[in-house]
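# Architecture and fold: a report
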Amino acid sequence: MTESPVKVLVIDDETDVCTFFRRLLTRKGYGVVTAANKPEALGALASGSFNVAMVDLKLPDTDGITLLELIKSRQPSCEVVIMTGYSTVKTAVTAMQLGAYEYLEKPFDDIDEIERLVERAAGSGARLSKGDGADEEWAEVAQGVGFRVGVSAEMRRMVSLAYKVAGKDISVLIQGKTGTGKEVLARFIHAASPRAGQPFIPVNCGALPENLLESELFGHERGAFTGANQTRRGIFELANNGTLLLDEIGDATPQIQVKLLRVLETGEFMRVGGERPIKTDVRVIAATNVNLEEAIREKSFREDLYYRLNVVRLEIPSLEARSQDIPLLAEHFVRQLNRDLRLSPATLRLMQEYRWPGNIRELANVMRRAVVVCNGETILPEHLGGTFLSGPSTRRTPVCETAAETALSPALLLERFSDPDLLGKMEPVELNRLLDSLRDAQSGLLAVMRGKGIAPPPAAIKDAEADTIREALSRHKGNITEAARTLGIARNTLYRKIKEFELGTR
């Protein structure tokens, strides 16, 4: 019995476009039906089923978004490709959020790419008709970068959209709370893009002072400032043809924002102390846990830069919002450390009741601790730490949130959490969470101060930078490469800062 051919519905009011697709796809063995308006499209849908629909975004009597919704309501397994010569990319992305498989820009220059697109869409439609949701197109790429997507419908929809826009050379803004996995999602987008074979470089915009961040991003010429003994390429040069992740973009200073906007608009930048513009071809992904719309209202973030970065926005749900994924993620972290251990049902139930203010990062830390303290074959509730065993009200409230609810002034609050006796009574997971919270508080405080035009004392910034570098070196036992990667800076820069702050081993 011969397999029935793939059937494609082409909806476009231009006769030449319909003729083009009929000839192209018929030659590939597909069955093709064309329609020039809404009534003809509805008639075609009523008379037969289709694997793929190629729909023009702008028609005389309707629009592609309306037809997309009609097609999906009548034939859910039919994949819709939006064709546009009029729309902005944002409208096409909106169509994908509403269920479109992909969008195709006019004029059609790459015939081979169109054929591959229709073939992929037909394959996806076949999986939908069989109800095979496990074999997602993006599954192999996600596995390759260690991205555990889980079973949450909201998360899977977001990853599906990320996979679709990965192939487009457009900026992406990732929003999500601390610890939700924004960098992992960015690595997934890079791996699914045509730039996958080129560098992926992350840089934390909130971890470095403005002058150091500018040098890291754009490089510097020899003699540009004290200590600049040689010309150094910046990240925009090193990431050429690849992907650059601007993490915590909401913490970038106004001056850095201006320079970033220029690069995004012109594809050019100048090194610190330089006079010659340098061309760069970089795909920018920005990530933040800050509400940028609110930051724009507070005049701490440029609206024009926001629109440049926010061509496509992806929102990662918090771990609390995808609690059904907690068992899968927890077991994954445990298997990474000890494949013989398992989690008891009571442990999993307790973890699903917890709010996880630190999200996946916190979950990973809790699992590391549990594996270390477990002396049997099963991780039990007592191995999770005191936070999980102190009753529902305490268990669901992070350490710093409890303190913030008291009537303590900021000074007394800090004094309380500087008390060695109090700190000594805390579990390791609580100490890690407190440290993360204090870092977030410092980052937020500096951002607000910058927005209000308040300059922190230079000594305070220098001390904070030195402490951050000292901690990274200690955590990685003096390994310069690993410490530099954690800090998001180059090894040469780290060597220079170690010398500047006199952090060398005594």
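Residues numbered from 1 in each chain as written. Predicted model: local features only at pLDDT ≥ 70, side-chain atom pairs only at ≥ 80, totals over all residues. Heavy atoms only, no water.

### Some points on the pattern of salt bridges
This structure, assessed with the given rule, holds 22 salt bridges. The partner of Lys259 in a salt bridge is Glu214, and the shortest N-O contact between them spans 3.3 Å. Pair noted here: Lys259 is in helix H11 (residues 254-266) and Glu214 is in helix H9 (residues 210-218), with a separation of 45 residues, a long-range link. What makes Lys259 partly exposed here is its relative accessible area of 34%. Here Glu293 ties to Arg313 by a salt bridge, and the two come within 2.4 Å at their closest N and O atoms. Taken together, the positions of Glu293 in helix H12 (residues 292-297) and Arg313 in strand E12 (residues 312-315) put the pair 20 residues apart, joining distant regions of the chain. Classification of Glu293 by relative accessible area gives partly exposed; the value is 25%. Three or more residues are tied together by salt bridges with common partners; here these are Asp12, Glu14, Asp56 and Lys106. (Salt bridge = Lys/Arg side-chain N within 4 Å of Asp/Glu carboxyl O. Helix = DSSP H or I, 4+ residues; strand = E, 2+ residues; numbered from the N terminus. Buried < 20%, exposed > 50% of the residue type's maximum accessible area, 1.4 Å probe, protein only.)

### Considering the confidence of the model for the protein chain
Per-residue confidence for the protein chain gives a mean pLDDT of 83; residues scoring 70 or more make up 81%. With pLDDT under 50 throughout, residues 393-409 is counted as low confidence; its partners more than four residues away or in other chains account for 25 contacts. (pLDDT = per-residue confidence, 0-100. Contact = heavy atoms within 4.5 Å.)

### Describing the sheet that holds strand E4 (residues 79-84)
Within a sheet, each strand pairs with its neighbour through backbone hydrogen bonds, oriented either parallel or antiparallel. Ordered by their spatial adjacency, five strands build an open sheet running E2-E1-E3-E4-E5, and the pairing between neighbours is parallel. Whereas interior strands pair on both sides, the edge strands pair on one side only; in this sheet they are strand E2 (31-35) and strand E5 (102-105). Taken over all neighbouring pairs, the strand axes of this sheet differ in orientation by 20° on average, direction set aside. (Pairing = 2+ DSSP bridges. Axes fitted to C-alpha atoms, helices over the stretch in contact; angles between N-to-C directions.)

### Let's talk about the nonpolar core
Ranked by internal contacts, the top residues of the largest apolar core, which has 52 residues, are Ile11, Ile174, Leu185, Phe188, Ile189 and Leu314. Tallying contributions element by element places helix H7 (residues 153-166) first for this core, with seven residues. Residues contacting Phe188, with those up to four places away along its chain left out, are Trp138, Val141, Ala142, Val145, Phe147, Val159, Ala162 and Tyr163. Grouped together as the second largest cluster of nonpolar side chains are 44 residues, Val263, Ile469, Ala483 and Phe501 included. (Core = buried A, V, L, I, M, F, W, Y, C linked by side-chain atoms within 4.5 Å.)

### Description of the packing of aromatic side chains
Two aromatic rings are characterised by how far apart their centres lie and by the angle between their planes. Tallying each qualifying case throughout the model produces ten aromatic pairs. Aromatic side chains Phe218 and Phe236 sit 5.5 Å apart centroid to centroid with 5° between the ring planes, which places their arrangement in the stacked category. With Phe218 in helix H9 and Phe236 in helix H10 (residues 235-238), the pair connects residues that are 18 residues apart, well separated along the chain. Of the residues examined, Phe218 reaches a relative accessible area of 2% and is grouped as buried. Take Phe236: its relative accessible area is 2%, and that puts it in the buried class. Through pairs of rings, three or more aromatic residues link up here, namely Phe20, Phe21 and Phe108. One Lys or Arg, Lys168, reaches over the ring of Tyr103 and ends 4.2 Å from the middle of that ring. (Phe/Tyr/Trp six-rings, centres within 6.5 Å; stacked < 30°, edge-to-face > 60°. Lys NZ or Arg CZ within 6 Å of the ring centre and 35° of its normal.)

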